[in-house]
Amino acid sequence: MSESSDWDGPLRASVASQRIADQLREQILSGRLAPGARIIQDKLAEELRTSRLPVREALRILQSSGLVTLRANQGAWVTRMDMRECELSYKMRERLEPLLLAESAPRLTDADLDGLTELQSRIEQTHDVEQFLVLDRRLHWATYRHHRADELGHIVARLWDSTQHYRRAFTRVTAEHRGWIIGAEHNLLIEALRDRDHRAAERILEMHIRRTRVELRQHPELFHEEPVAA
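The model shown is predicted, which means the values in this text are computed figures rather than measured ones.

Peer 1: Got a minute to help me understand the pattern of salt bridges in this structure?
Peer 2: A side chain of one charge can pair with a side chain of the opposite charge if their charged atoms are brought near each other. Going through the model one piece at a time under the given rule, you end up with 19 salt bridges. Taking the shortest distance from any N to any O, the salt bridge between Asp114 and Arg194 comes out at 2.7 Å. Linking Asp114 in helix α5 (residues 110-125) with Arg194 in helix α8 (residues 164-194), this pair joins segments that are 80 residues apart in sequence. The exposure class of Arg194 is partly exposed, given its relative accessible area of 36%. For Glu215, the salt bridge is made with Arg211, and the minimal N-O distance between the two is 3.3 Å. Of this pair, Glu215 and Arg211 both sit in helix α9 (residues 198-216), 4 residues apart, which is roughly one turn of that helix.

Peer 1: What's the story with the side chain of Ser65 in this structure? I'm lost.
Peer 2: Position of Ser65 relative to the elements: it lies in the loop between α3 (52-64) and β2 (68-71). The class for Ser65 is buried, based on a relative accessible area of 18%. One polar contact links the side chain of Ser65 to the main-chain carbonyl oxygen of Leu62, over a distance of 3.0 Å.

Cut-offs used in this document
- Residues numbered from 1 in each chain as written.
- Predicted model: local features only at pLDDT ≥ 70, side-chain atom pairs only at ≥ 80, totals over all residues.
- Heavy atoms only, no water.
- Salt bridge = Lys/Arg side-chain N within 4 Å of Asp/Glu carboxyl O.
- Helix = DSSP H or I, 4+ residues; strand = E, 2+ residues; numbered from the N terminus.
- Buried < 20%, exposed > 50% of the residue type's maximum accessible area, 1.4 Å probe, protein only.
- Polar contact = N/O pair within 3.5 Å; in protein donor to acceptor, adjacent residues only side chain to side chain.

Structure (structure tokens):
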């Protein structure tokens, strides 16, 4: 047997697991799988016409990113947060994202900054929650695009993913009277980056995240929704 064929099996299994993980991640982040929804491995394997092994590995991948909770001899669920856990995640974001921005901001080009302005213009023109979530995430990660701190970036991405459902629910509740505040903060952030005032940009970002955390506290009902069955 050739050396390449020795690796074909594990490689195919790894690719299949990652493909399944990507599909499930998209369903979770899009809201089609809600926090608390049970993921039945046999049912999922049947739907995807695959064995249980890549499904099991895919769930472990998602567990490592905070999107799935695995319980021994019980199964898998989409991770659910209470208010305290979500608030702690936002407190971590307050401290870590300005640091990630500091790693990237000095290398942002004029073209990068023009792209931020264009994204913010699109945000201001949309009234669709799902489109807003996509554009808002794209804008913030565009400011981090030149960071060279992979471990920090992975931590921040995990915090974004694990709080996505609550950000969506919060946006639906508050969008009408809150949109202009987000726009003002985004524009302040972009202006500080254009002025190369990176310390000011870090403070604006910290304030932007903190305000959302404080406002989330006023909506405890967002953490008591009934899960949708997977």
